[in-house]
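Overview (structure and organization)
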Amino acid sequence: MPIETPALPSRPSRRHALKTFASLAAAGGLGGALLAGCSREEGGKTASAGGAPAVVKKTGDKVAFKYPNNPSFDLIYLADELGYFEGTNTRPDYVGKIAAPQIIPLVGTGEIDFGSRMVPLVISAIASGADLKVVAAGGKTLQEAPHMKYFVRKDSGIREPKDLEGKTIGFNSFGACAEFVTKKYLRQHGVDVNKINFVVIPDEQAEQTLVTRNTDLAIIHAPFSGRADNADQLVRLWSDYDLDGGLGGMAPYSAHGQFIRQHPEAVRDVVAALAKAGNWVNANTEEARKLVAKRINMDLKNVDRYAYVDDLVVTEPPIQYYIDILQSEGKLAAGKVSVKDVYTNEFNPFATKT
């Protein structure tokens, strides 16, 4: 089955840090010593997690925040398209395509200012000394709008969790929801996860990799999961809603700590625009699918929908869920990171109403 290739701008050149942290991200974690060594100098003072004091820009300054330009269902793109940055002094500066495993490491060092990736990646980065914080909730899992779906070939013989022992699972990165939610579920069903081969496959390639028998199960996120739902050779086994009731489905937006300190009004602008866009998507699911289909050059029938946390106000249970998983997986020492270390609703204008 041919893959529809998203139309994207060419990848710009990047600083040396990109390659360094790409390899770290692919391994599912960040090295604290390396992060400390990558703090940037601004105004003669080191900009690290506990370093430079807040610098508040005067009202009226134009602020451009660096953001990936990826083929995805993303509120930054929709907020921009819908005009929610108009009337503010804040605008996105799209820096080209960035692979999913690189996003949180690059937010942690300030190579990009905002990024949207799952909670366990943020927790691991903070535990390693990265300077970032969740500033807005993102997607949520509903039964009719899951965060990710699990597919196999119809002729694979795989129908139960135990059938996956000795097989290959493809997902978009280590250290995120697809790895930890899946392993937790499989262990609950008596599966030896050490007998499974996990490989990283970008979401937009996962369906084709499964069809060509290079993987045995593919975990695919929206919007690309819709194409797999419509593939004749495939069948959906589960969604993440089936696995944990949606508790692990919050996909928040994080910002670099130095950007937060230097541009608090810009952070408020971004969070407000994101919240408005998320609420608009929830109220206009079909119109949102059309905008995303146009953006990623995909047939509308194959574009899965997204649902978003109301007003993008962050709640603590989804964060605690992943702290507990990371501790049980031996990836996080008990007490190393608390829920309060991970997020703030300070910049969300809707938070005080909740």
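Thresholds, definitions, all that
Residue positions within a chain follow its written sequence, with the count starting from 1. Side-chain atom pairs in this predicted model are given and counted only at pLDDT of 80 or more, local residue features only at pLDDT of at least 70, and totals for whole chains, interfaces and linings cover all residues. Side-chain measures here rest on the full set of heavy atoms in the structure, leaving out hydrogens and waters. The pairing criterion for strands is at least two bridges between them, as found by DSSP. Numbering of helices and strands runs from the N terminus, with a helix taken as a DSSP run of H or I at least four residues long and a strand as a DSSP run of E at least two residues long. To estimate the expected span of a helix, count its residues, drop one, and scale the result by 1.5 Å. For every residue, the accessible area obtained with a 1.4 Å probe (protein chains only) is divided by the maximum for its type, and the residue is called buried under 20%, exposed over 50%, and partly exposed between those limits. By salt bridge we mean one thing: a side-chain nitrogen of Lys or Arg within 4 Å of a carboxyl oxygen of Asp or Glu. For this analysis, a polar contact is any N or O atom pair within 3.5 Å, provided that within protein one partner can donate a hydrogen and the other can accept it, and provided that sequence-adjacent residues contribute only side-chain to side-chain pairs. Any two rings among Phe, Tyr and Trp, with Trp reduced to its six-membered ring, count as a pair given centres within 6.5 Å; such a pair is stacked if its planes are under 30 degrees apart, edge-to-face if over 60, and tilted if neither.

Moving on: the sheet that holds strand S5 (residues 114–116). Taken in spatial order, the 4 strands make up an open sheet running S5-S12-S6-S13, and their pairing is antiparallel. Each of the sheet's edge strands pairs with one partner strand only, and the pair in question is S5 and strand S13 (307–308). Pairing of strand S6 (residues 132–140) with S13, which is carried by 2 bridges, proceeds in the antiparallel orientation. Bridging from a neighbouring strand, lysine 140 pairs with alanine 307 of S13.

With that settled, consider helix H6 (residues 177–188). Its 12 residues place the ends of H6 16 Å apart at the C-alpha level, agreeing with the 16 Å of an ideal helix rising 1.5 Å per residue. Burial analysis of H6 places 9 of its 12 residues in the buried class, the great majority of the element. Looking at H6, one finds that the buried residues are Cys177, Ala178, Glu179, Phe180, Val181, Thr182, Lys183, Tyr185 and Leu186. Glycine 190 lies just past H6 and shows a positive phi near 75°.

Turning to the pattern of salt bridges, a few remarks are in order. Evaluated as defined, the whole model comprises 18 salt bridges. Ionic pairing is found between aspartate 229 and lysine 149, a salt bridge with its closest N-O pair at 2.5 Å. Of this pair, aspartate 229 sits in helix H8 (residues 225–229) while lysine 149 sits in strand S7 (residues 148–153); the two residues are 80 residues apart in sequence, bridging distant segments of the chain. Relative accessible area serves as the criterion here: at 29%, aspartate 229 is assigned to the partly exposed category. The salt bridge involving arginine 187 is made with glutamate 329; its shortest N-O contact spans 2.3 Å.

Below, the discussion takes up the side chain of lysine 149. By relative accessible area, lysine 149 is classed as buried at 4%. Among the polar contacts made by the side chain of lysine 149, one reaches the side chain of aspartate 229 at a distance of 2.5 Å.

This part is about the packing of aromatic side chains. In total, this model carries 14 aromatic pairs according to the counting rule given. Where phenylalanine 65 meets phenylalanine 114, the ring centres are 5.2 Å apart and the plane angle is 70°; that geometry is what we call edge-to-face. Placement of the pair is phenylalanine 65 in strand S3 (residues 63–67) and phenylalanine 114 in strand S5, with a sequence separation of 49 residues. Given the relative accessible area of 0%, phenylalanine 65 is considered buried. By relative accessible area, which is 1% here, phenylalanine 114 ends up buried.

Attention now goes to the pairing of S6. Burial analysis of S6 places 7 of its 9 residues in the buried class, which makes it a mostly covered element. As paired elements, S6 and strand S12 (residues 251–256) share 5 bridges and run antiparallel to each other. Within S12, the position partnered with lysine 133 by the bridge is alanine 255.

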